[in-house]
Amino acid sequence: MKTKLIKRQMNKIKILSAFLCALLMGFTSCANDTEESTNDYQPNVSAARELTVGMADNATNSKSKSTTSRSVVNPTLGNMWQYGDAFLAYNLTDGGEYSMLTAENAGIQTKIRGKVTCKQGDDIAMFFPYMNASTVTEVTGDKSKLSLELSGQTGDLNETVGDYNTITNYDFSWGKIENVKAVGSKASGNVQMQKRYAVLHLKFECEGQQVKNITSVKLTNIAGKAVMNLQTGELENTTDKAGFTVTPKTAVDELNVIVFAQSNFSPTFSVETNSGKTYGVKITHNLNIINGGYYDLNVLVDDTTPWIDIHGIKWGRYNLQYDPSVTEEGWESGYSLTKNPWDYFYTEPSGLAGQGLTMSTDFENAKFDHFRWGDIAAAHNYGYSGRDKFYKGTGNIQAQNISNNQYGDLPYYVSKGKWKLPTKADFDDLMAHSGQYLGYYYDGLNTVYGVLFDPTVAESLKGKVLDKNDNVLKASNTNALAVNVGKPNTSGNKLKQFTISDMKRGIFFPFAGTYTDYSVGNPVLNKPGSAGSYWAANGTNANQAQAFTGQYLNIGQFYPCTTVGASDKNPKRNMYSIRPIYAK
């Protein structure tokens, strides 16, 4: 993907000293072998913070308010501690258990109170927020470290969920009380709380238009987890770049995201909207994200929507595939869509061989992207044992799961309802509302013949089979006869060499071959690169079903894709490609 820039990068970064840290002043209660553990102490804490935190009011009067805390974030106006904010205290000198101290009043300066086992001269680490089940947990076997988690964000810094404000769980702040002063049962000290994260205020732009109605933003190539070292205040174990996903409660046009500081911040953004459209970009120039920073960013993204709307039907741009090494979110294990429109497994470089290369004989566990009609349970098994595992019913199986997911609509099942098989009527509609170009794509190594349906052609060219110069060769789907187009790189040939730009305007069906022989010792594809068959959801009888088929012959003849002729007589045991349509 080409390099993308972030517009107005850092022009609204808020790094004001009044917001970066909080000064806590107070008293602590020390306990040792000669003192009762119930001795109270009270540290007074004053703070200058970037992000303010507030408390959830669980009661009707101020004296009985819960110590559960929440946050109210105002990156531009500053932040204040709130009554009941809960802090974690850990004795760095002697170790021991965690203690919880709570703020007793709201403001930039506040007083916190709690019981800590300590003595004169001890150092005590302070951390906010106190441990919770979602974002701050203890590292097993080492109380001097905490595990921090960024997942679960909603993008709204001020969103209240029950008695919590979601930002509290991510308001990671650390400080150290040095040389505690102990006077009898009381001790005092002060600490400066420092932020251990930054806030990104994100908007996205594609081709000059703001992306709106965002339902999720996935950030990868950045740390989504870290370990806080209470001794040093530094984050450790940030090498895992799996990232995290931010999911707003309702669709939004912009959102705030909390991230860990990083000097070479170069995330990949994947954005999805409520219409199902997706956008993405990998930032290739490193940003310097510092603790306590507030960054107002407008990110330029590409349209990565995996479908294109043609006459109200959202046609997928990619074929269905199975690869046991792949686990993709939202899919049954092993299943996904191909990465490129022209991809298929076991590619034959010339695109004109009668048979492909010998495939793996581990029939049930090898990657494959051809499937029997109506088969779900054994769909990717291309061994002889799977030969008759197809659905013997008739009619339309679109979006159906039959016999406890043994049979039915394969893409609908494996995508968990996001994609489905197209019907014959869907294929007919596609041909009627786009121009069908005959040609090939060369990826630098392999030549893949196929057809490209372009809905942006002139109205007079829709429903027509076209050559590379937009000349009409015949009407689409009127018969299954071939047209003469010549050979590539020969004078007068009519084949269009497809480009990435062509594929962005329409959808390309690669001729990925078929699998029909079920050879035990020499499993191969038939005509990979030059012949293609795609299943429709319509079953003709117990053993045959409707398909969408086409082929290019090396003598220069091209059979455009069609659903007429004998295309409804395809044996269900044959393993064909599947091009799903978006089901949402």
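Residues numbered from 1 in each chain as written. Predicted model: local features only at pLDDT ≥ 70, side-chain atom pairs only at ≥ 80, totals over all residues. Heavy atoms only, no water.

**A word on the overall build of the chain**
When helices and strands are tallied, the chain shows four helices and 49 strands. A buried classification covers 53% of the 584 residues belonging to the chain. The contacts in the chain between residues at least 6 apart in sequence include a share of 68% that link residues at least 24 apart. (Helix = DSSP H or I, 4+ residues; strand = E, 2+ residues; numbered from the N terminus. Buried < 20%, exposed > 50% of the residue type's maximum accessible area, 1.4 Å probe, protein only. Contact = heavy atoms within 4.5 Å.)

**Description of the packing of aromatic side chains**
Under the definition given, this model contains 35 aromatic pairs. When the ring of Trp-419 is compared with that of Tyr-582, the centres are 5.2 Å apart and the planes differ by 75°; the resulting orientation is edge-to-face. Remark: Tyr-582 occurs in strand β49 (residues 581–582) and Trp-419 occurs in strand β37 (residues 419–420); sequence separation between them is 163 residues. Judged by relative accessible area, which is 8%, Tyr-582 ranks as buried. One aromatic cluster is present, built from ring pairs that chain together Phe-345, Tyr-346, Phe-363, Phe-368, Tyr-382, Tyr-515 and Tyr-518. Across the ring face of Tyr-98, the terminal group of Lys-143 is positioned such that the distance to the ring centre comes to 4.7 Å. (Phe/Tyr/Trp six-rings, centres within 6.5 Å; stacked < 30°, edge-to-face > 60°. Lys NZ or Arg CZ within 6 Å of the ring centre and 35° of its normal.)

**Re the sheet that holds strand β19 (residues 214–220)**
Pairing is antiparallel in the open sheet, where five strands are placed in the order β22-β19-β25-β26-β29. The open sheet has two edge strands, β22 (244–246) and β29 (302–303), and neither has a second partner. Note that β19 and β22 share three bridges and pair antiparallel. The residue of β22 that forms the bridge with Val-217 is Val-246. (Pairing = 2+ DSSP bridges.)

**Let's talk about the pattern of salt bridges**
A full pass over the atoms with the stated rule returns 17 salt bridges. The shortest N-O distance in the salt bridge between Lys-119 and Asp-122 comes to 2.9 Å. Between Lys-569 and Asp-568 there is a salt bridge; the shortest N-O distance is 3.0 Å. Asp-568 gets classed as partly exposed once you look at its relative accessible area, which sits at 22%. Several salt bridges share partner residues, and in doing so they unite Asp-94, Lys-119 and Asp-122 into one network. (Salt bridge = Lys/Arg side-chain N within 4 Å of Asp/Glu carboxyl O.)

**Focus on the pairing of strand β16 (residues 186–195)**
Residue alternation in β16 divides its side chains into a buried set, Ala-187, Gly-189, Val-191, Met-193 and Lys-195, and an unburied set, Lys-186, Ser-188, Asn-190, Gln-192 and Gln-194. For strand β14 (residues 173–177) and β16, the ladder comprises two bridges, and the chain directions are antiparallel. Residue Trp-174 lies in a different strand from β16, and its bridge partner there is Gln-194. Where strand β15 (residues 181–183) hands over to β16, the hairpin turn is made up of two residues, of which Gly-184 adopts a positive phi near 65°.

**Looking at the sheet that holds strand β20 (residues 225–229)**
With antiparallel pairing, the four strands of this open sheet are ordered in space as β10-β11-β20-β21. Lying at the two open borders of the sheet, with one neighbouring strand each, are β10 (136–138) and β21 (235–236). Pairing analysis gives two bridges linking β20 to β21, with the strands arranged antiparallel. Directly across from Val-227, in β21, lies its bridge partner Glu-236.

**Looking at the environment of Thr-347**
Assignment of secondary structure puts Thr-347 in the loop between β33 (335–337) and β34 (395–396). Judged by its relative accessible area of 23%, Thr-347 falls in the partly exposed class. When the C-alpha positions of Thr-347 and Asn-446 are compared, they lie 7.2 Å apart, and in sequence the two are 99 residues distant. Of the polar contacts made by the side chain of Thr-347, one reaches the backbone oxygen of Tyr-344; its length is 2.8 Å. (Polar contact = N/O pair within 3.5 Å; in protein donor to acceptor, adjacent residues only side chain to side chain.)

**Quick look at the nonpolar core**
Core analysis: the biggest nonpolar cluster contains 51 residues, and Phe-127, Phe-204 and Leu-230 have the highest contact counts within it. The leading source of residues in this core is strand β17 (residues 198–206), at six residues. Aside from chain neighbours lying at most four places away, what touches Leu-230 is Leu-88, Tyr-90, Leu-92, Tyr-98, Ala-125, Phe-127, Lys-143, Ser-144, Lys-145, Leu-146 and Trp-174. Counting residues in each nonpolar core, the second largest holds 26 residues, with Tyr-449, Phe-453, Phe-509 and Ala-536 among its members. (Core = buried A, V, L, I, M, F, W, Y, C linked by side-chain atoms within 4.5 Å.)

**Points about unusual backbone geometry**
Between Phe-128 and the following residue, Pro-129, the backbone shows a cis peptide bond with an omega angle of 0°. Phi angles above zero are rare outside glycine, and Glu-207 is one such case at about 50°. Secondary-structure assignment places Glu-207 in the loop between β17 and β18 (209–210). Look at Asp-470: it is not a glycine, yet its phi comes out positive at around 70°. Here Asp-470 lies in the loop between β40 (464–466) and β41 (472–475). Overall, Asp-470 belongs to the partly exposed group, its relative accessible area being 36%.

**Let's talk about the environment of His-285**
Along the chain, His-285 falls in the loop between β26 (278–282) and β27 (287–289). The class of His-285 is partly exposed, set by a relative accessible area of 22%. The spacing of His-285 and Phe-265 is 20 residues in sequence and 8.2 Å in space, taken between C-alpha atoms.

**Describing the confidence of the model for the chain**
Here the chain averages 85 in pLDDT, while 84% of its residues score no lower than 70. Counting contacts from residues 1–5, a segment whose pLDDT is below 50, to residues more than four positions away or on other chains yields 13 contacts. When the criterion is pLDDT under 50, residues 7–73 qualifies, and its contacts beyond four places in sequence or with other chains add up to 276 contacts. (pLDDT = per-residue confidence, 0-100.)

**Describing the pairing of strand β30 (residues 307–310)**
Pairing geometry for β30 and strand β31 (residues 313–316), over four bridges, is antiparallel. Bridge assignment links Ile-310 to a residue of β31, and that residue is Ile-313. As consecutive antiparallel partners, β30 and β31 are separated by two residues, and within that stretch His-311 has a phi angle of approximately 55°, a positive value.

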